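These are the residues of each chain, in order.
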Amino acid sequence: MRTRLSDHVRERLSGFGLMAPSIAQCAVGAALAWTVAIQLLDHPRPFFAPISVLICVGVGLGQRLRRVAELVVGVSLGVGVGDLLVSWIGSGAWQIMLVVALAMTAAVLLNSGALFVAQAGSSAVLVAALVPADGAGGWDRMADALTGGVIGIATAALLPASPFTIAAKHLSGVLDALSTVLERAAEAIEKRDVDLAAEALEEARNTQAAVAEFERAVETSKEITLISPLHWHRRGRLARYETVAVPVDLALRNARVLARRTLAALGETSPPPTSLAEAMREVSEAALLLQLELAAGREPMLARQALLAVAARERPERLGFSAHVIIAQLRSIAVDLLQATGMDHEEATAALTPLDAPQVEDANDAKSAKS
């Protein structure tokens with residue numbers, strides 16, 4: 001129970017560490033937007049300025065810059081249309097209906113993006129439901145929203161989250177998942193345990209979400225290095241994570257097939273040899289090495305050497321159909337991870353033992369057969 005609680009606390013603290021820069025951006029940006037709108041625009045209560053900062057920064061993580069820009073303009077459009085109409089026709093149920101319809105229509109005519117249209121409509125609702133008592137004009141509130149949006153983007157550029165922390169954290173989740181699948185499949189083969197093989201398969205089926213999060217994290221990190229002067233000179237380091245994205249996705253897809261065939265193999269008359277489990281563990285350890293070396297900012301040479309050693313290993317003999325499939329998938333995973341270390345596909349494939357090479361007999365299985 002205590003272990004679960006401590007793990008949960010560590011997970012929450014890790015999540016806070018990742019989101020802390022965004023919280024700082026929201027807090028500082030909201031204060032700046034409020035101050036600028038009051039001091040420079042002479043608006044007495046510019047509440048849409050800090051609100052626009054929160055919307056922009058809050059959803060900006062993981063979004064394309066174009067979508068963030070659409071969001072800022074959508075909020076500003078909704079605020080402007082809503083405030084102008086409400087100042088003429090007042091507030092109420094039918095007024096909200098009309099304001100939302102017109103704001104969303106204008107948004108669709110300008111840009112049919114779902115986020116853009118939704119923000120225009122929701123901002124119009126906010127204006128229609130909260131009619132300002134000071135009689136400020138729609139153009140003033142539209143200017144507040146635009147000011148907040150611009151300051152939100154500027155704050156994200158000048159107080160950025162670390163792009164490498166974001167990318168490394170999510171890559172860690174992907175490679176941890178790959179390592180776990182391979183470890184459980186290896187244990188299932190060693191113990192001839194169908195339940196463990198089923199757990200490995202279930203784990204493998206739940207990995208696509210981690211891949212999608214990593215891909216979004218890479219996009220987020222690229223955006224940060226694009227808009228933040230603090231990280232312009234370090235774009236080369238991020239390029240390593242871009243190189244890794246596609247190969248690790250392919251590796252996990254191959255791991256799903258491997259886990260499925262492991263479960264099938266344990267039901268065959270000729271179960272897979274234990275040497276397969278050893279090879280799985282070596283690939284699992286290489287995946288963790290890749291994670292550590294990239295996080296440290298080093299070329300993943302140790303991971304590459306470990307994978308090359310697995311690729312050069314001779315195949316055991318007397319294999320059943322499923323075991324042949326397992327070897328094929330493990331070879332594919334090794335090639336994928338070698339590409340993640342920076343090798344091209346042809347070079348990685350050439351490192352594999354040829355399929356027509358002489359096969360060797362697994363020592364443990366040979367001993368069992370003789371007894």
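Now for a look at the structure at hand. (Residues numbered from 1 in each chain as written. Predicted model: local features only at pLDDT ≥ 70, side-chain atom pairs only at ≥ 80, totals over all residues. Heavy atoms only, no water.)

As for unusual backbone geometry
Part 1 of the argument: Residues other than glycine seldom take positive phi values, yet Asp42 does so here, at roughly 60 degrees.
Part 2 of the argument: Looking at the secondary structure, you find Asp42 in the loop between helix 1 (2-39) and helix 2 (48-60).
Part 3 of the argument: When its relative accessible area of 64% is taken as the criterion, Asp42 is described as exposed. (Helix = DSSP H or I, 4+ residues; strand = E, 2+ residues; numbered from the N terminus. Buried < 20%, exposed > 50% of the residue type's maximum accessible area, 1.4 Å probe, protein only.)

Comments concerning the nonpolar core
Part 1 of the argument: Counting residues in each nonpolar core, the largest one holds 55 residues, and the members touching the most others are Leu178, Phe214 and Leu337.
Part 2 of the argument: If you tally residues by element for this core, the top one is helix 7 (residues 163-191), at 12 residues.
Part 3 of the argument: Of all hydrophobic cores here, the second largest spans 11 residues; its members include Leu77, Val81, Val86 and Val99. (Core = buried A, V, L, I, M, F, W, Y, C linked by side-chain atoms within 4.5 Å.)

Concerning the side chain of Arg256
Part 1 of the argument: By the element assignment, Arg256 lies in helix 10 (residues 235-265).
Part 2 of the argument: Although Arg256 is buried, it forms no salt bridge, and the closest oppositely charged side chain is Asp249 at an N-O distance of 5.1 Å.
Part 3 of the argument: A distance of 3.1 Å separates a polar atom in the side chain of Arg256 from the backbone oxygen of Ala204.
Part 4 of the argument: The contact partners of Arg256, leaving out residues within four places of it in the chain, are Leu201, Ala204, Arg205, Thr207 and Gln208. (Lys, Arg positive; Asp, Glu negative; His and termini not counted. Salt bridge = Lys/Arg side-chain N within 4 Å of Asp/Glu carboxyl O. Polar contact = N/O pair within 3.5 Å; in protein donor to acceptor, adjacent residues only side chain to side chain. Contact = heavy atoms within 4.5 Å.)

Digging into a nonpolar patch on the surface
Part 1 of the argument: Together, Trp94, Met97, Leu98 and Leu102 make up an exposed nonpolar region whose accessible area comes to about 420 Å².
Part 2 of the argument: Inspection of the secondary structure puts Met97 in helix 4 (residues 93-110).
Part 3 of the argument: By relative accessible area, Met97 is classed as exposed at 60%. (Patch = residues over 30% accessible without salt bridge, like charges linked within 9 Å, V, L, I, M, F, W, Y side chains within 5 Å. Areas by Shrake-Rupley, 256 points an atom, 1.4 Å probe, with all protein chains shown as cover.)

Description of the pattern of salt bridges
Part 1 of the argument: By the definition in use, this model includes eight salt bridges.
Part 2 of the argument: A salt bridge links Glu187 to Lys191; the shortest N-O distance between them is 2.7 Å. Highlighted residues: Glu187 and Lys191, both in helix 7, separated by four residues, approximately one helical turn.
Part 3 of the argument: Where salt bridges share partners, they join Glu183, Glu190 and Arg281 into one cluster.

Considerations on helix 12 (residues 301-311)
Part 1 of the argument: Taken as a whole, helix 12 has its buried residues at Ala303, Arg304, Leu307, Val310 and Ala311. Each buried residue of helix 12 sits inside an arc of 120 degrees when the element is viewed along its axis, so together they form one side.
Part 2 of the argument: Here the buried face of helix 12 lies against helix 11 (274-295) and helix 13 (321-340). (Arc of directions from axis to C-beta.)

Quick look at the environment of Ala107
Part 1 of the argument: Relative to the helices and strands, Ala107 resides in helix 4.
Part 2 of the argument: Residues Ala107 and Gly74 lie 33 residues apart in sequence; the distance between their C-alpha atoms is 7.0 Å.

Describing the side chain of Thr147
Part 1 of the argument: Mapped onto the secondary structure, Thr147 falls in helix 6 (residues 138-158).
Part 2 of the argument: When its relative accessible area of 16% is taken as the criterion, Thr147 is described as buried.
Part 3 of the argument: Setting aside chain neighbours within four positions, we find Thr147 in contact with Val36 and Leu41.

A look at helix 9 (residues 208-227)
Part 1 of the argument: Here helix 9 contains 20 residues, and its C-alpha end-to-end distance of 29 Å stays within 8% of the 28 Å for a straight helix at 1.5 Å per residue.
Part 2 of the argument: Buried residues of helix 9: Ala210, Val211, Phe214, Ala217, Val218, Thr220, Ser221, Glu223, Ile224 and Thr225, and no others. (Expected span 1.5 Å × (residues − 1).)

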